[in-house]
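Observations on the model geometry
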Amino acid sequence: MKFSRLLLGTVQFGLNYGIANTQGKPSFDRVKAILKTALDNGITSLDTAAAYGDSEEVLGKALAELGIADRMTVVSKVPPLPEKCDPLEFITTSVTNSLKRLRLPVIPLILFHNELDWRCHEELSSLIAKGMIEAAGVSLDSLECAATADESPFVQLPCNVFDHRFDDKIKNHTAGHIFIRSVYLQGLAVMPKEKIPFPELLTYREKLESFGMPMQELCMRYLLSFPGGVSVLTGVDTPEQLQENCRMAALGPLPADLLKQVSEAVPLLPERLIRPKLWNRN
């Protein structure tokens, strides 16, 4: 199974997503334009989830109308398992519904959306033998569950110029594939400074800006500096945004001296600042 270096996130197709999002969900025609732009630029991997509103349904319809479903590798996710449920039954039903919404005969990769659900990885993996999925993995969010990355061959996790919790896991992961999300920390890394809700981050952002490279480019190329076996997940609202991401990605990794400076510019920050799931609690 192959994944493109850039992975197109599609949460925006089904939800008003991101702290910096001011445009809402894109129209269906725009979704198709984004997908066509992705394929034209060599992006052949897509990220979605059953929990992303109607993202799977929109994505499945768009891929079918464009006739490119067989040229894309789709990664989706099982919603968090309820406390009282039969894990195998819940997982099987979820994947069955995802298959229908995505209009696919088999889903290349399914992840647990809730990192704690990795305890049921055998149940999810059992769907491989049934021909429903090709591989299974997990989406991580907290440092508390970081050890799970050593157990799962396919892992999605957050990382960016502000968030270094999983740096060592990314560098040392030798089997399977890692998908890095939160390139721009839901847009916080590039939004107007006066709108940033966490003043503690301003000092670090100004230090990063002092290196002389546009923040958007710095964020993208920093993640592309990690070794192979890694895909960088980026979501967009327009084809133009995706085209710009592709342009920056084509510039490649950061120069070694700048990479060192960026890596050392921000210490390990508390999760309340860099973990979006906790922002509403602050």
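Let me begin by describing the structure that accompanies this report. (Residues numbered from 1 in each chain as written. Predicted model: local features only at pLDDT ≥ 70, side-chain atom pairs only at ≥ 80, totals over all residues. Heavy atoms only, no water.)

Some thoughts on the pairing of strand 5 (residues 133–139)
Judged by how many residues are buried, strand 5 sits mostly within the fold: six of seven residues are covered. Where strand 4 (residues 107–112) lies against strand 5, five bridges are found, and the strand directions are parallel. The partner of Ile110 across the bridge, within strand 5, is Ala136. In this view, the connection linking strand 4 to its parallel neighbour strand 5 by way of helix 4 (residues 121–129) has right-handed handedness. (Buried < 20%, exposed > 50% of the residue type's maximum accessible area, 1.4 Å probe, protein only. Helix = DSSP H or I, 4+ residues; strand = E, 2+ residues; numbered from the N terminus. Pairing = 2+ DSSP bridges. Right-handed = clockwise from strand over helix to strand, strands pointing away.)

Observations regarding the side chain of Thr238
Among the secondary structure elements, Thr238 is positioned in the loop between strand 8 (230–235) and helix 8 (239–249). Looking at Thr238, its side chain comes within polar contact range of the main-chain nitrogen of Gln241, at 3.1 Å. (Polar contact = N/O pair within 3.5 Å; in protein donor to acceptor, adjacent residues only side chain to side chain.)

As for the side chain of His177
Among the secondary structure elements, His177 is positioned in strand 7 (residues 177–181). Look at His177 and you get buried, because its relative accessible area is 10%. Beyond its immediate sequence surroundings of up to four residues, His177 is in contact with Phe3, Pro153, Phe154, Val155, Gly229, Val230 and Ser231. (Contact = heavy atoms within 4.5 Å.)

Considerations on the environment of Leu111
You can see Leu111 is positioned in strand 4. Taking the relative accessible area as the measure of exposure, Leu111 reaches 0% and is therefore buried. Separated by 21 residues in sequence, Leu111 and Phe90 place their C-alpha atoms 14 Å apart. For Leu111, the residues in contact, after removing those within four places along its chain, are Val75, Ser76, Lys77, Val78, Gly137, Val138, Ser139, Phe154 and Gln156.

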